[in-house]
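# Coordinate analysis (summary)
What follows is the residue order along each chain.
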Amino acid sequence: MPGNLKLSTTGLKLMRQFVNDPRKRWSGTELTKTTKIGSGTLYPLLAKLESAGWLSAEWEVLDPSEAGRPRRRYYKLTALGVRSAHGALSEYQVAPGLGEVAWTT
């Protein structure tokens with residue numbers, strides 16, 4: 001069912017990055033650098049979030065041979081993603097700017 005996800009601490013950390021700048025399109029490389037989430041964890045998580053409708057993704061329009069690098073895939077929060085991320089982050093009281101869960105009892 002689209003939109004209905006349970007996020008791990010890593011997923012919450014990633015969503016914090018998107019929520020901090022909800023209009024920005026992020027490449028996987030940028031997300032890896034800013035969140036410190038390894039690519040082996042990041043890309044499956046991005047695919048899961050895209051399948052759930054939280055993110056939209058598109059390939060960069062670029063000729064790799066002219067640019068001297070591979071095309072990038074850019075990810076952006078959808079309206080559903082904004083609502084869902086805010087709900088998930090507030091449910092677990094994620095500390096702003098840290099991206100880490102502040103567990104409370």
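Not measured: the values here are computed from a predicted model. (Residues numbered from 1 in each chain as written. Predicted model: local features only at pLDDT ≥ 70, side-chain atom pairs only at ≥ 80, totals over all residues. Heavy atoms only, no water.)

Next up on the list: the packing of helix α1 (residues 9–20) against helix α3 (residues 39–51). Interaxial distance between α1 and α3 falls to 11 Å at its minimum, and their mutual angle equals 70°. Compared by their axis directions, α1 and α3 come out roughly perpendicular. Contacts from Thr-10, Gly-11, Leu-14, Met-15 and Phe-18 of α1 reach α3 at Thr-41, Leu-42, Leu-45, Leu-46 and Leu-49. Along the lines of polarity and charge, the residues of the contact of α1 with α3 split into seven nonpolar, three polar and no charged. (Axes fitted to C-alpha atoms, helices over the stretch in contact; angles between N-to-C directions. Helix = DSSP H or I, 4+ residues; strand = E, 2+ residues; numbered from the N terminus. Parallel < 35°, antiparallel > 145°, perpendicular 65-115°, else oblique. Contact = heavy atoms within 4.5 Å. Nonpolar A, V, L, I, M, F, W, Y, C, P; charged D, E, K, R; others polar.)

Next up on the list: α3. For α3, spanning 13 residues, the distance from its first C-alpha to its last is 18 Å, which sits close to the expected 18 Å at 1.5 Å a residue. For α3, every residue scored as buried is listed here: Leu-42, Leu-45, Leu-46 and Leu-49. Along the axis of α3, the buried residues cluster in a sector spanning 105°; they form a single face. What points out from α3, more than 90 degrees from its buried face, is the exposed set Gly-40 and Ser-51. Those residues of α3 hidden inside the fold are in contact with α1, α2 (28–35), β2 (55–59) and β3 (73–77). Downstream of α3 by one or two residues, Gly-53 has phi in the positive range, about 90°. (Expected span 1.5 Å × (residues − 1). Buried < 20%, exposed > 50% of the residue type's maximum accessible area, 1.4 Å probe, protein only. Arc of directions from axis to C-beta.)

Tallied over the full model, the rule gives zero aromatic pairs. Lying across the ring of Tyr-74, Arg-25 places its NZ or CZ 4.2 Å from the centre. (Phe/Tyr/Trp six-rings, centres within 6.5 Å; stacked < 30°, edge-to-face > 60°. Lys NZ or Arg CZ within 6 Å of the ring centre and 35° of its normal.)

Relative to the 16 Å expected for twelve residues at 1.5 Å per residue, α1 spans 17 Å between its end C-alpha atoms, a close match to the ideal helical length. Within α1, burial applies to Gly-11, Leu-12, Leu-14, Met-15, Arg-16, Gln-17, Phe-18 and Val-19. Buried-residue contacts for α1 involve β1 (26–27), α2, α3, β2, β3 and α5 (79–91).

With two bridges connecting them, β1 and β3 associate as antiparallel partners. For Trp-26, the partnering residue across the bridge sits in β3 and is Tyr-75. Summarising the sheet, β2 and β3 pair through five bridges and their orientation is antiparallel. Directly across from Glu-58, in β3, lies its bridge partner Tyr-74. (Pairing = 2+ DSSP bridges.)

What follows is about the pattern of salt bridges. All chains considered together, the criterion is met by four salt bridges. Across the pair Glu-30 and Lys-24 runs a salt bridge whose closest N-O atoms are separated by 3.5 Å. We classify Glu-30 as partly exposed; its relative accessible area is 29%. The class for Lys-24 is partly exposed, based on a relative accessible area of 26%. (Salt bridge = Lys/Arg side-chain N within 4 Å of Asp/Glu carboxyl O.)

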